[in-house]
Amino acid sequence: PKREMLDSHQFTFIDGQRYFGYATRPYGDDPHTSVVGPVSVEIVEPFKTLRLVADPAVVPVGFDITFTARTQPYALRRGTMKRGDEIIWDQSHFLQSGDCNGTYTRDGVTRPIDNWWGQRDHSSGIRDHARCPMWLWLSIQFPDGMFAIWHWEYANGARVFTDGCFAPADGGAPIPLIDFRHDLH
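For the structure given in this document, a descriptive report is provided here. Quantities reported herein were computed from a predicted structural model and do not represent experimental measurements. (Residues numbered from 1 in each chain as written. Predicted model: local features only at pLDDT ≥ 70, side-chain atom pairs only at ≥ 80, totals over all residues. Heavy atoms only, no water.)

Attention shifts here to the nonpolar core. By size, the foremost hydrophobic cluster in this structure holds 14 residues, and its most contacted members are Leu76, Trp89, Leu95, Trp150, Trp152 and Phe161. At the level of elements, strand S7 (74-83), strand S8 (86-106), strand S11 (145-153) and strand S12 (159-168) are the ones that each hand at least two residues to this core. For this core, the leading source of residues is S11, giving four residues. If we ignore the near neighbours within four places in the chain, the residues touching Trp152 are Trp89, His129, Cys132, Met134, Trp135, Arg159, Val160 and Phe161. (Core = buried A, V, L, I, M, F, W, Y, C linked by side-chain atoms within 4.5 Å. Buried < 20%, exposed > 50% of the residue type's maximum accessible area, 1.4 Å probe, protein only. Helix = DSSP H or I, 4+ residues; strand = E, 2+ residues; numbered from the N terminus. Contact = heavy atoms within 4.5 Å.)

Let us look at the packing of aromatic side chains. Summed over all chains, the structure comprises eight aromatic pairs. Residues Phe47 and Phe94 carry aromatic rings whose centres are separated by 5.7 Å and whose planes lie at 75° to one another, so their mutual orientation is edge-to-face. Placement of the pair is Phe47 in the loop between strand S4 (39-45) and strand S5 (49-54) and Phe94 in strand S8, with a sequence separation of 47 residues. With relative accessibility at 47%, the residue Phe47 sits in the partly exposed group. Phe94 gets classed as buried once you look at its relative accessible area, which sits at 19%. For the pair Trp89 and Phe161, a centre-to-centre distance of 5.0 Å together with 75° between the ring planes defines the contact as edge-to-face. Highlighted residues: Trp89 in strand S8 and Phe161 in strand S12, separated in sequence by 72 residues. Judged by its relative accessible area of 1%, Trp89 falls in the buried class. By the ring-pair criterion, three or more aromatic residues cluster together here, those being Trp89, Trp135, Trp137, Trp150, Trp152 and Phe161. (Phe/Tyr/Trp six-rings, centres within 6.5 Å; stacked < 30°, edge-to-face > 60°.)

Checked against the element boundaries, Ile126 lands in strand S9 (residues 109-127). Residue Ile126 is classed as partly exposed on the basis of its relative accessible area, which comes to 41%. As a C-alpha pair, Ile126 and Gly108 span 18 residues in sequence and 39 Å in three-dimensional space. Those residues in contact with Ile126 that lie beyond four places of it in its chain are Ile87, Ile88, Trp89 and Asp90.

Right, let's get into the sheet that holds S12. Taken together, four strands build an open sheet; the order of strands is S10-S11-S12-S13 and the sheet is antiparallel. The open sheet has two free edges, formed respectively by strand S10 (134-142) and strand S13 (175-176), since each of these has just one partner strand. Inspection of the sheet shows S10 paired to S11 by nine bridges, in the antiparallel sense. The residue bridging Ser139 from the neighbouring strand is Ala148, located in S11. (Pairing = 2+ DSSP bridges.)

The next subject is the pattern of salt bridges. What the rule picks out here adds up to 10 salt bridges. Linking Asp15 and Arg111 is a salt bridge whose minimum nitrogen-to-oxygen distance equals 3.7 Å. Here the residue Asp15 occupies a position in the loop between strand S1 (5-14) and strand S2 (17-26), and Arg111 occupies one in strand S9, the gap between them amounting to 96 residues. One connected set of salt bridges, linked through shared partners, spans Asp15, Arg106, Asp107 and Arg111. (Salt bridge = Lys/Arg side-chain N within 4 Å of Asp/Glu carboxyl O.)

Right, let's get into the side chain of Asp90. Mapped onto the elements of the fold, Asp90 is located in strand S8. Assessed through its relative accessible area of 12%, Asp90 is described here as buried. One polar contact links Asp90 to Thr80, side chain to side chain, over a distance of 2.7 Å. (Polar contact = N/O pair within 3.5 Å; in protein donor to acceptor, adjacent residues only side chain to side chain.)

Here we take up the pairing of S11. Summarising burial for S11: eight of the nine residues are buried, a large majority. Counted along the chain from S10 to the antiparallel partner S11, the turn is two residues long. Two elements, S11 and S12, share nine bridges in a ladder whose sense is antiparallel. Note on S12: the bridge partner recorded for Glu153 is Arg159. From the end of S11 to the start of S12, which pair antiparallel, there are five residues, and Gly157 there has a positive phi angle of about 90°.

Encoded structure:
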């Protein structure tokens, strides 16, 4: 089915206070324009540099941030979970660590962002999170790289899907995750 709207979500904590922004635009016949209301994403150099902008006059927290990759991107394997013939989850996903530089503005005060570590990820596909007994998404930034994992399992602990990597900050090839165990209850 054809999508009718594109969404943009902004979740931010500043000085212990949570801010949330939400914008939509008609999808129409243009799925590739990355402008949704006051928020835009510009691909300056694919898989290397992005510019993110949100108008501080319209959203709770405005920003003008440049994301510069510090690791190679990593594409997770496509994963699927079904219940009978019904697809609960069928997703493709990629992630990448980077440095963020620029500014953010709240209540008319603009503050600098200088070499903040961050990550970007993008996923597409069918996801009914409420029907998945347990899923875990984790991304940790270290000076020498990023560790990330995407893990799904049933209530009895049986694994549905696990993938992830350690992506070195020196630009080397990401090292795939080969196993994951936890003691969450």
